[in-house]
Amino acid sequence: MAKKNYLAFTNKYNGLTRQLSTQCGVSDAIPLKSGDPIPASAKEYEAVWDTGATTTVITAKVAKDLGLKPIGLTTSHHAGGTEEVNSYLINVYLPNNIRVVGVRVVEAVLVGNLEMLVGMDIISLGDFSFTNFGGKSTFSFRIPSIKQVDYVAEDMKKAARRAPIPSSYQRRGRGKGKGKGRGKRK
């Protein structure tokens, strides 16, 4: 059996959801090897996944909880305008032991009790899918990306498998009229 070269998780919802979220661990950016345990200093937060966000976001509370020191300022563009915000370097621990090391994140105010937003900087490292089959939402992510998903190509392959295969007689251009052949032309 071939070794699987990716890590993945799936969240299934009992109905339709309008918000994709997971628990995410966060720590200061420290070097990690593949078998290393998650550092004791890591803290867990509820994170919303947002394909409209280019960068992962944490709140000032997360930065304070972890004692993070800013690595610089970044211009943040959002619905409320543009502003200079602190940026930090962190490690992110996703479900099922997926680790993303050395992620540059920005600080922002998020709505409600939300403390973290996972943006396209992390999502683009893997394969991300969301379905609503049978009235139940399913969200799945794997890292690294291992194949391209193309629903149109899948449909075309299925249609090609269902299409009748013409006989060799028909493929040679015969058998289009009545009878066994075209007959003599006058």
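A short tour of the structure in this document, coming up. No experiment lies behind these values; they were computed from the predicted model shown.

Basis of the calculations
Residues numbered from 1 in each chain as written. Predicted model: local features only at pLDDT ≥ 70, side-chain atom pairs only at ≥ 80, totals over all residues. Heavy atoms only, no water. Helix = DSSP H or I, 4+ residues; strand = E, 2+ residues; numbered from the N terminus. Contact = heavy atoms within 4.5 Å. Core = buried A, V, L, I, M, F, W, Y, C linked by side-chain atoms within 4.5 Å. Buried < 20%, exposed > 50% of the residue type's maximum accessible area, 1.4 Å probe, protein only. Pairing = 2+ DSSP bridges.

Overview of the environment of V62
Its place among the elements puts V62 in helix α1 (residues 60-66). With 19 residues separating them along the chain, V62 and K43 place their C-alpha atoms 8.5 Å apart. Excluding anything up to four places from it in sequence, V62 contacts V26, Y45 and E115.

Quick look at the nonpolar core
W49, I58, I90, V92, L94, M116 and V118 are the most contacted members of the largest nonpolar core, which has 28 residues in total. Elements represented by at least two residues in this core include exactly β2 (21-28), β3 (43-49), α1, β6 (81-94), β7 (98-107), β8 (116-118), α2 (120-123) and β10 (138-143). Among all residues touching V118, those that are not within four sequence positions of it are C24, A47, V48, W49, D50, T56 and I123. If you look at the next biggest cluster of nonpolar residues, it comprises eight residues, including V48, A53, V57 and V85.

Looking at unusual backbone geometry
Between I143 and the following residue, P144, the backbone shows a cis peptide bond with an omega angle of 0°. By the secondary structure assignment, P144 is in the loop between β10 and α3 (151-162). Backbone geometry places N96, a non-glycine residue, at a positive phi of 65°. Turning to its location among the elements, N96 is positioned in the loop between β6 and β7. With relative accessibility at 54%, the residue N96 sits in the exposed group. Positive phi values are uncommon outside glycine, yet N97 reaches one of about 65°. Along the chain, N97 falls in the loop between β6 and β7.

Some words on the pairing of β2
Most of β2 sits out of view: six of its eight residues are buried. By the bridge criterion, six bridges tie β2 to β3 in an arrangement that is antiparallel. Paired with C24 across the two strands is Y45, which belongs to β3. Sheet topology places β2 next to β6; four bridges connect them, and they run antiparallel. The residue of β6 that forms the bridge with V26 is V92.

Any functional reading would require information beyond the geometric quantities listed.
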